[in-house]
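Residue strings, one per chain:
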Amino acid sequence: VQLQASGGGLVQAGASRRLSCAASGSIFSINAMAWYRQGPGKQRELVAGVTSGGLTNYADSVKGRFTITIDNAKNTVYLQMNSLKPEDTDVYYCRAHVRVTGTSGDYWGQGTQVTVSS
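Residues numbered from 1 in each chain as written. Predicted model: local features only at pLDDT ≥ 70, side-chain atom pairs only at ≥ 80, totals over all residues. Heavy atoms only, no water.

1. Description of the state of the cysteines
- In this structure the tally under the stated criterion is 1 disulfide.
- Note that Cys21 is cross-linked by a disulfide to Cys94, the S-S spacing being 2.0 Å. The sign of the S-S torsion, about 50 degrees, decides the handedness of the disulfide formed by Cys21 and Cys94: right-handed. Of this pair, Cys21 sits in strand S3 (residues 17-24) while Cys94 sits in strand S9 (residues 90-100); the two residues are 73 residues apart in sequence, bridging distant segments of the chain. Comparing Cys21 with Cys94, the two get one shared label, buried. (Disulfide = S-S within 2.5 Å. Helix = DSSP H or I, 4+ residues; strand = E, 2+ residues; numbered from the N terminus. Buried < 20%, exposed > 50% of the residue type's maximum accessible area, 1.4 Å probe, protein only.)

Now the structure itself:
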């Protein structure tokens, strides 16, 4: 199973950006997907998560600004980020809990850098 994240880049404060993460491989089903972020010297933290049924949860710091959605047909999760702030600057990682034949497990994408300039 591979997760390919994309959409990062340099944006100005107040702008919007959408991240995408597509899962591929021998996937039977995806139970949930999520976005995390991590900065230098900091622990990786959960930004937002979504189940295949559409239930979502968000970090307090992004509630009302970020929206996570999942496209089950495409095995893809999106993170729409609005009203970006300099403190949102981090490397963003996607994670998926995937069922493959005979087992299940968590998989991570490679990370995509988001830099918000003031």
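Having put the structure on the table, let's press on.
2. What about the sheet that holds strand S1 (residues 2-6)?
- Pairing is antiparallel in the open sheet, where 4 strands are placed in the order S1-S3-S8-S7. The sheet is open, and its two borders are formed by S1 and strand S7 (66-71), each paired with just one other strand. The average undirected angle you get between the axes of adjacent strands in this sheet is 15 degrees.
- Direction of pairing for S3 relative to strand S8 (residues 76-81): antiparallel, over a ladder of 6 bridges. Each bridged residue has a counterpart across the sheet, and for Ser20 the counterpart in S8 is Tyr78. (Pairing = 2+ DSSP bridges. Axes fitted to C-alpha atoms, helices over the stretch in contact; angles between N-to-C directions.)

3. Some words on the pairing of strand S10 (residues 103-108)
- Here 6 bridges tie S9 to S10, and the two strands are oriented antiparallel to one another. Counterpart to Ala96 in the pairing with S10 is Tyr107.

4. Looking at the nonpolar core
- Core analysis: the largest hydrophobic core is formed by 29 residues, its most contacted members being Met33, Trp35, Val47, Phe66, Leu79, Met81 and Tyr92.
- Those elements that place two or more of their residues in this core are S1, S3, strand S4 (29-38), strand S5 (45-51), S7, S8, S9 and strand S11 (112-117).
- When near neighbours in sequence (up to four residues on either side) are disregarded, Phe66 contacts Arg37, Val47, Tyr58, Leu79, Gln80, Met81, Asn82, Leu84, Asp88 and Tyr92. (Core = buried A, V, L, I, M, F, W, Y, C linked by side-chain atoms within 4.5 Å. Contact = heavy atoms within 4.5 Å.)

5. Things to note about unusual backbone geometry
- We note that Asn75 has phi near 50 degrees; this positive angle belongs to a residue other than glycine.
- Secondary-structure assignment places Asn75 in the loop between S7 and S8.
- The phi dihedral of Ser83 is positive, around 50 degrees, even though this residue is not glycine.
- Inspection of the secondary structure puts Ser83 in the loop between S8 and S9.

Just distances and angles here, no functional claims.
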